[in-house]
Amino acid sequence: MIKRRELHECNDLYELLKHPSVFPFVRQKANSADEYWFLTNQLMEDEENGKAVSRTITDDWGQPIGTITVYDVQDGAGFLVTWIGTPHQGKGYNQKSKELFLNELFFELDFHTVFLRIRTENTKSLRAAEKIGYIMDAKESHPSLYEQINQGDKHFELMKIQKDFFYLYTASQNKEEEEQAM
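What comes next is a walk through the structure. (Residues numbered from 1 in each chain as written. Predicted model: local features only at pLDDT ≥ 70, side-chain atom pairs only at ≥ 80, totals over all residues. Heavy atoms only, no water.)

## Some thoughts on the sheet that holds strand β1 (residues 2-4)
The following threshold applies: By the convention used here, strands pair only if DSSP detects at least 2 bridges between them. Helix and strand definitions here come from DSSP, where helices need a minimum of 4 consecutive H or I residues and strands a minimum of 2 consecutive E residues; each element is numbered from the N-terminal end. The contact definition used throughout considers only heavy atoms, calling two residues in contact when any of these lie within 4.5 Å. Angles here are taken between N-to-C directions and fall from 0 to 180 degrees, while the axes themselves are lines fitted to C-alpha atoms, restricted in helices to the stretch in contact.
Within the open sheet, the seven strands sit side by side as β1-β2-β3-β4-β5-β7-β6. Their pairing is mixed. The two strands at the open ends of the sheet, each matched to only one other strand, are β1 and β6 (136-137). Both β1 and strand β2 (residues 53-58) contribute to a ladder of three bridges, which runs antiparallel. Bridging from a neighbouring strand, Ile 2 pairs with Ile 57 of β2. In this fold helix α2 (residues 33-48) packs onto β1, β2, β3 (64-74) and β4 (77-84), with an angle of close to 125° to the strand it touches most, β2. Contacting β5 (113-119) and β7 (156-162), helix α4 (residues 123-131) crosses the sheet at an angle of about 145° to β5.

## Thoughts on unusual backbone geometry
For residues other than glycine, phi is negative in most cases, and the peptide bonds are mostly trans. Residue Asp 75 is not a glycine yet carries a positive backbone phi of 50°. Summarising the element assignment, Asp 75 is placed in the loop between β3 and β4.

## Side note on the pairing of β4
Put simply, the rule is: Relative accessible area decides the class of each residue, using a 1.4 Å probe on protein chains only: under 20% of the type maximum gives buried, over 50% gives exposed, and in between gives partly exposed. A right-handed crossover is one whose linking path, passing over the helix from the first strand to the second, runs clockwise when the strands point away from the viewer.
Burial analysis of β4 places six of its eight residues in the buried class, which makes it a mostly covered element. Alignment of β3 against β4, held across seven bridges, turns out to be antiparallel. Its bridge partner lying in β4, Gly 66 is registered against Ile 84. Linking β3 back to β4 in an antiparallel pair, the connection comprises two residues, with Asp 75 at a positive phi of about 50°. With four bridges joining them, β4 and β5 adopt parallel strand pairing. Counted as the bridge partner of Gly 78 is Val 114 from β5. Considered for its hand, the β-α-β crossover made up of β4, helix α3 (residues 93-107) and β5 is right-handed.

Keep in mind these numbers describe shape, not what the thing actually does.
What follows is the structure in structure tokens.
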């Protein structure tokens, strides 16, 4: 479902990334597969230097379908960015990959907060975030950060995922699933 990034996946990922309903909302705006390879290589170096964490999202057959990344890592926090190619959207990969990635961030890499900065016109991502029970609005709890991300021409919603809340939410979901199985 998620795995460490590998450069040989760049061509497949670029083909999915360049779709007009995906491209405007990705952070790595590559205009060719070669440029995407270069940006991915740079991102892998950033991960080695503790500035980012990035994984490839795969489908049920192990084929790359998108990426999930935390950028601007600082003091156990960062900004989450996810994109999935259009043929694979709406199939549950977003939520599954987020839970696996957040487990890694919170319980292996010692993160405590992950922020989401979603463009107000990106209705698909906003709807997806609203469906996830452990994501909270962060405008009021982090007003200076909210103002900072909205200084330019583009406007964003600010949300956050906190380690403790994520743990409590996923533990209660697992308990419900166990009780239903009995």
